[in-house]
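Fold and geometry: a report
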Amino acid sequence: MFVPCGSSAPPDFEGFTLLLPAVSVGNVGQLAVDLVIFTLDMPKVGYFYTDCLVPMVGNNPYATAEENSTELSINAEVYSLPSKKLVVLQIRSPFVNNKYRSFCQTLLSWVKSSRCAKVILLSSSHAYQCDDQQLHGTPLRYLFSPAIQKTAGELMQRLNWKEMEKVAAYPGVNDTEMVLRIPGGGITTLLFSERLISDGALSWSLISSCIHPKNVYLLTQ
Amino acid sequence: PYCTTCVLIHCLFCLHLTYLFLFLYAREVHILWFSKLSASTGSFTDEQFPCSKFILAIGHNSVAFLSSFVLNSGCWEAAGSVKLWNEWCRTSNTTSVLPTDAFCLFYKLISDPTVLLCQCNCYVAEDQQFQWLEKVFGCMREEDLQVTILSTCPVTDYKTPESTLTLPSPFLKALKTKDFKETTCCPLLEQPNIVQGLPAAVLSYCQVWQIPAVLYQCYTDVISLDTVTIEAFKPVLSSKNLKSLVKVKLNFKDKWKVLSLLILECLRV
């Protein structure tokens, strides 16, 4: 559940774009989100308090001076920049055993209740799963929900980005049935399952193919 | 053969459900309060009890520190216990425990029952930590509650640009919530170091629900019960929460007597 910082009124995220990472290989999404929060100097507006993530605490990872270095950070926090209509959820720890489905449900419930207009999920996948074609060109891939297919499709064509390829469900046995597989991508596939896409809640996903955090640079361009 | 197969499948399904039920039930955290007396009526009640100070020791060295320097004053009585099971431990049912037993016991100060102390000498698994939190804090009616947590971890977990050979192990580091306004008894834990486990769960809860809380983490190079690690917590005795609880100023001879008794008990086991 979302718990706002302090005793002020809960912030209004209606019409905002929500950016969040999938806890995935190389922690690429999480590192990219760290860069976004630090670069835009986004203030913390609340916590995403849940029993689905392993607890962890530490001092402020975005500290720029002695004064703000002692602020405690927990495993899931929400940052917001109203001027850009951007809200960011940073997730800093893995899921408790068998709790990832519960987390997805809680997350989607919050997305709906906060009335965000768009959701961007940053994820990553194992590079060793690439086929020969995928090894050439950009390691970035995207996935859209049907709600945004039309509007964002033209933008993707202009940027020359590639859509995430589907793979055979039973390779070598039956190549007709194609499914979405994102090995190492954490909850990415679950969030893009049929049922969740049809809810219209998820609009984008950016998937980087990597095994090293150096590919975070590509994501932030 | 078709009926036999159906029966077999049905039996396997029932067995699976039974196993799942037992597994989920086995991982439940149960809190047993020995007596919950209402302050006004003097009768047993399920109401929340008022709590102004909650001191939590996690791990055998922290527990031994509180046993030696706080509980030793004799002004405390057992208030409750936690019953849990996981792959690493099963907590003891008794309050007469040895330092090497797995236990989680609560004590309250006789002169001020709003002061609660918890000795957690067992491993609380990841999937049990939230339950532990909700059940313990759910019993408290927070009245200007202040929380102090003591914990230890290996010095090999400490990240620093300096050489680990020159680190003055054991040493204390602190983390505090936004609402904790006092000065800590030691330096704060620097980035990129983090804290995990039950201490992190409790501190996260306090940060989210705006409860003043401080965690004192002792980084040590000894993983077993160790007097040097226990003594490293001594600066915490000057903190506001603990200062008033150490009624008897132990002299050097008394302190070593208490610690020696602890060591002898461990060797006996």
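To start, this report covers the structure provided alongside it. Note that this is a predicted model, so its numbers are computed, not measured. (Residues numbered from 1 in each chain as written. Chains lettered and ligands numbered in written order. Predicted model: local features only at pLDDT ≥ 70, side-chain atom pairs only at ≥ 80, totals over all residues. Heavy atoms only, no water.)

**Looking at the overall build of chain A**
- Scanning chain A from terminus to terminus reveals seven helices and 13 strands.
- In the structure as shown, chain A presents an accessible area of about 10900 Å², 54% of it carried by carbon and sulfur atoms. (Helix = DSSP H or I, 4+ residues; strand = E, 2+ residues; numbered from the N terminus. Areas by Shrake-Rupley, 256 points an atom, 1.4 Å probe, with all protein chains shown as cover.)

**So, the pairing of strand 11 (residues 167-170) of chain A**
Residue and element names in this part refer to chain A.
- Sheet topology note: the strand 11/strand 12 (residues 174-179) ladder contains three bridges and is antiparallel. Of the residues in strand 12, the one forming a bridge with A168 is M178.
- Counted between consecutive antiparallel strands, the loop separating strand 11 from strand 12 contains three residues, among which G172 sits at a positive phi close to 85°. (Pairing = 2+ DSSP bridges.)

**Observations regarding the interface of chain A and chain B**
- Of the residues lining the interface, 20 residues belong to chain A; the matching set on chain B comes to 26 residues.
- Across the interface of chain A and chain B, roughly 2000 Å² is buried in total on both sides, 66% from carbon and sulfur atoms.
- Put simply, chain A and chain B have zero salt bridges between them.
- Along the contact surface separating chain A from chain B lie five residue pairs in polar contact (both at pLDDT 80 or more).
- Top contributing element to the side of chain A that touches chain B by residue count: strand 4 (residues 56-59) of chain A, with four residues.
- A per-class count over the side of chain A that touches chain B returns 12 nonpolar, seven polar and one charged.
- The sheet contact formed by strand 4 of chain A and strand 8 (residues 194-196) of chain B spans three bridges and is antiparallel. Its bridge partner being in strand 8 of chain B, M56 of chain A is matched across the sheet by Q196 of chain B. (Contact = heavy atoms within 4.5 Å. Buried area = accessible area lost by both parts, 1.4 Å probe. Salt bridge = Lys/Arg side-chain N within 4 Å of Asp/Glu carboxyl O. Polar contact = N/O pair within 3.5 Å; in protein donor to acceptor, adjacent residues only side chain to side chain. Nonpolar A, V, L, I, M, F, W, Y, C, P; charged D, E, K, R; others polar.)

**Observations concerning the packing of helix 3 (residues 126-138) of chain B against helix 4 (residues 197-208) of chain B**
All names here are of chain B.
- Relative to each other, helix 3 and helix 4 sit at 50°, their axes nearing to 10 Å. In terms of orientation, helix 3 lies oblique with respect to helix 4. Helix 4 is crossed by helix 3, and the crossing has right-handed handedness. Here helix 3 contributes Q129, W132, L133, E134 and F137 to the contact with helix 4, which in turn contributes G197, L198, A201, V202, Y205 and C206.
- Of the residues contributing to the contact of helix 3 with helix 4, the split by class is eight nonpolar, two polar and one charged. (Axes fitted to C-alpha atoms, helices over the stretch in contact; angles between N-to-C directions. Parallel < 35°, antiparallel > 145°, perpendicular 65-115°, else oblique. Left-handed = near helix turned anticlockwise from the far one by under 90°.)

**Concerning the pairing of strand 7 (residues 86-91) of chain A**
Residue and element names in this part refer to chain A.
- Buried residues dominate strand 7, accounting for six of its six residues.
- Burial along strand 7 is two-sided: L86, V88 and Q90 and V87, L89 and I91, pointing in opposite directions, are all buried.
- Here strand 2 (residues 17-21) runs beside strand 7; their pairing, made up of three bridges, is parallel. Residue pairing in the sheet places L18 in a bridge with V87 of strand 7.
- Examined bridge by bridge, strand 6 (residues 76-81) and strand 7 share six bridges and lie antiparallel to one another. The residue bridging Y79 from the neighbouring strand is V88, located in strand 7.
- Where strand 6 folds back onto strand 7 in an antiparallel hairpin, the turn is made up of four residues, including K85, whose phi is positive at roughly 50°. (Buried < 20%, exposed > 50% of the residue type's maximum accessible area, 1.4 Å probe, protein only.)

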